[in-house]
Amino acid sequence: MNTKTTVISEEQLACQFAFCDKINAYWLNEKRTPTAYVETYGCQQNEADSEKIRGYLSQCGYAIVQEAEGADVVVMNTCAIREHAEQRVFGNLGALTHTKKRHPAQKIFICGCMPGQQKVSERIRKSYPHVDGCFSTHHLWQFPEILWKVLNGQKRQFYVEDEAGSIAEGIPQVRDNALKAWVSIMYGCNNFCTYCIVPYVRGRERSREKESILAECRALIENGCKEITLLGQNVNSYGKDLPDGVDFSDLLAEIAALPGDFLVRFMTSHPRDAGKKLFDTMAASPKIAKQLHLPFQSGSSRVLKAMNRHYDREKYLETVNYAKSVMPDLVLTSDVIVGFPGETEEEFEETISLIEQVRYDSLFTFIFSPRTGTPAASMDDPTPKEEKNRRFDRLCSVQNRISEEIHESYIGKELRCLIDGTDKNYLTARTEGGRLVRLEGAPSLIGTYQFVTITGATTWSLTGILS
Ligand code: SAH
Ligand code: SF4
Ligand code: F3S
């Protein structure tokens, strides 16, 4: 695997923009505005990448539409994290044979994390002949070139070589939401947790220059953005590969010091690297949301070691306790895996007891899914599927009770919330901790911060009235 980071030069990017011009000219000649549909699977990193794909497509003259049927271009930006995610993509990809039959000129592209695995790109090559182009995350910056070659009648394009990780600044973005923005601060992952495919499909950790990130945040805020979420697989590693010694806490503090009324959030933190400096920085700034997503994965130190997580139960609890001590209103969420190979009933009980002890606001819960090429995929896994399902259900019911209890405790509180949209006849809002609130009010309030008194709660959301 290649580990060198390459920064895509301005000339290389200018070359891509020249392809955008050619594509524009192509459609001008056809005398109509082409349409494109982008479907996103997986995490926020993929959402952020899709905003770049849409940015390129807009630059090429495409109007972005909301369905595959009839679109001139369909892009599926895929996730490889669990088998189920891949099966969904293959199912939907199969269905596109029909849309293409009805619209034979349709060009279909598949990108994101799945084509980063050789066996997957081979399967696409062999079994999905209606796919015109396939590229891994390392090649996203070359999308105009790929699109042009396909439009120009060249053979199917596969850009899937395991290149050095790259950083490309200046790719246009069409953002989904004017009020809330994702900002990637780094790409890739070096952690190689034994169950995880991400380091294989997204390459090594590489940080964007601080000044580029600050400039992007500044522009977003000036354009009315109220919430910025900084993205990275492990944001606490930010800067380790940069020469100027800046770390994630420094970056966060500088963003929070930008002028304007906004909140900054981030994900994901790795418990190994999240520590006092980060939590003190969060506590010190009213513009940093008191929200932390700190995946623990398992409550058993033995399992954590087998997962290569580099912390144990005690260290994790210490970290969380410190964070809570400096931020009493902290909203804490996490990821957990049940049924890791060899997890015993006692070890599973340690996960339950950790959940009871920490009391997360909410949890993302997963059943272990073996990923070819990762060490955990070849570990002995004697626990039957039914048993894993039982553990999963038990864990969910424990967490649902805790979420409900925490949500109940919000009733009567007055919280500052960003009104961010509508849902049927209600306005929707987010608390500083990222909890969803439904309330009555005028749509003209969308985009403003308001104080809301919480009047009701369910497992997943709150209801309130304007104070
Ligand atoms: N970088 C983040 C998370 C990335 S993936 C972190 O380290 O926390 C999101 C979550 O998917 C992980 O936290 C983990 O809980 C889950 N996950 C990853 N690989 C998995 C696998 N093979 N089976 C089941 N869940 C998995
Ligand atoms: Fe995967 Fe671990 Fe990296 Fe997260 S830190 S992306 S779980 S390898
Ligand atoms: Fe999935 Fe890739 Fe994200 S595997 S979870 S889309 S980094």
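Up top you'll find the structure we're talking about.
Throughout this document, residue positions are counted from 1 along each chain, in the order its sequence is written. Here every chain gets a letter starting at A, and every ligand a number starting at 1, in the order they are written. Whole-chain, interface and lining totals are the exception, using all residues; otherwise, since this is a predicted model, local features are given only for residues with pLDDT of at least 70 and side-chain atom pairs are given and counted only at 80 or more. To obtain the side-chain values, all non-hydrogen atoms of the structure were used and water was disregarded.

Engineer: I would appreciate a short explanation of the site of ligand 1 in the present structure.
Structural biologist: Contacts to ligand 1 come from 15 residues, most closely from Tyr195, Gln233, Gln297, Asp335 and Ser369. Under the rule applied, a polar contact is a pair of N or O atoms within 3.5 Å (in protein, one hydrogen donor and one hydrogen acceptor; residues adjacent in sequence only if both atoms are side-chain atoms). Contact between ligand 1 and Arg82: an oxygen atom at 3.2 Å from a side-chain N or O atom of the residue. Between ligand 1 and the protein, one listed contact pairs a nitrogen atom with a backbone N or O atom of Ser369 at 2.8 Å. Protein contact buries 90% of the 540 Å² of open area that ligand 1 shows by itself. By definition, any uninterrupted DSSP run of H or I lasting at least four residues is a helix, any uninterrupted run of E lasting at least two residues is a strand, and each is numbered from the N terminus. Of all elements in the fold, only strand S15 (331–338) and strand S16 (362–367) reach the threshold of two or more residues within the shell around ligand 1. Partitioning the shell around ligand 1 into residue classes produces seven nonpolar, four polar and four charged. When at least one non-hydrogen atom of a residue lies within 4 Å of a molecule or strand, that residue is treated as near it. Using a 1.4 Å probe, the Shrake-Rupley method yields the accessible areas, and only the shown protein chains count as cover for residues. Under the convention adopted here, Pro, Cys and the residues Ala, Val, Leu, Ile, Met, Phe, Trp and Tyr are nonpolar, Asp, Glu, Lys and Arg are charged, and Gly plus all remaining residues are polar.

Engineer: Quick question: what am I supposed to make of the pattern of salt bridges here?
Structural biologist: Pairs may arise between side chains of opposite charge once their charged atoms sit close together. When a carboxyl oxygen of Asp or Glu is within 4 Å of a side-chain nitrogen of Lys or Arg, the pair counts as a salt bridge. Within the structure shown, the criterion is met by 32 salt bridges. One salt bridge connects Glu169 with Arg208, and the closest N-O pair in it is separated by 2.8 Å. Of the two residues, Glu169 sits in the loop between strand S8 (166–167) and strand S9 (180–184) while Arg208 sits in the loop between strand S11 (206–207) and helix H7 (210–222), which places them 39 residues apart along the sequence. Of the residues examined, Arg208 reaches a relative accessible area of 5% and is grouped as buried. We note a salt bridge from Asp423 to Arg438, for which the minimum N-O separation is 2.9 Å. Taken together, the positions of Asp423 in strand S17 (residues 414–423) and Arg438 in strand S19 (residues 436–439) put the pair 15 residues apart, joining distant regions of the chain. Type-normalised accessible area, obtained with a 1.4 Å probe on protein chains alone, sets the label of each residue: buried when under 20%, exposed when over 50%, and partly exposed for intermediate values. Given the relative accessible area of 26%, Asp423 is considered partly exposed.

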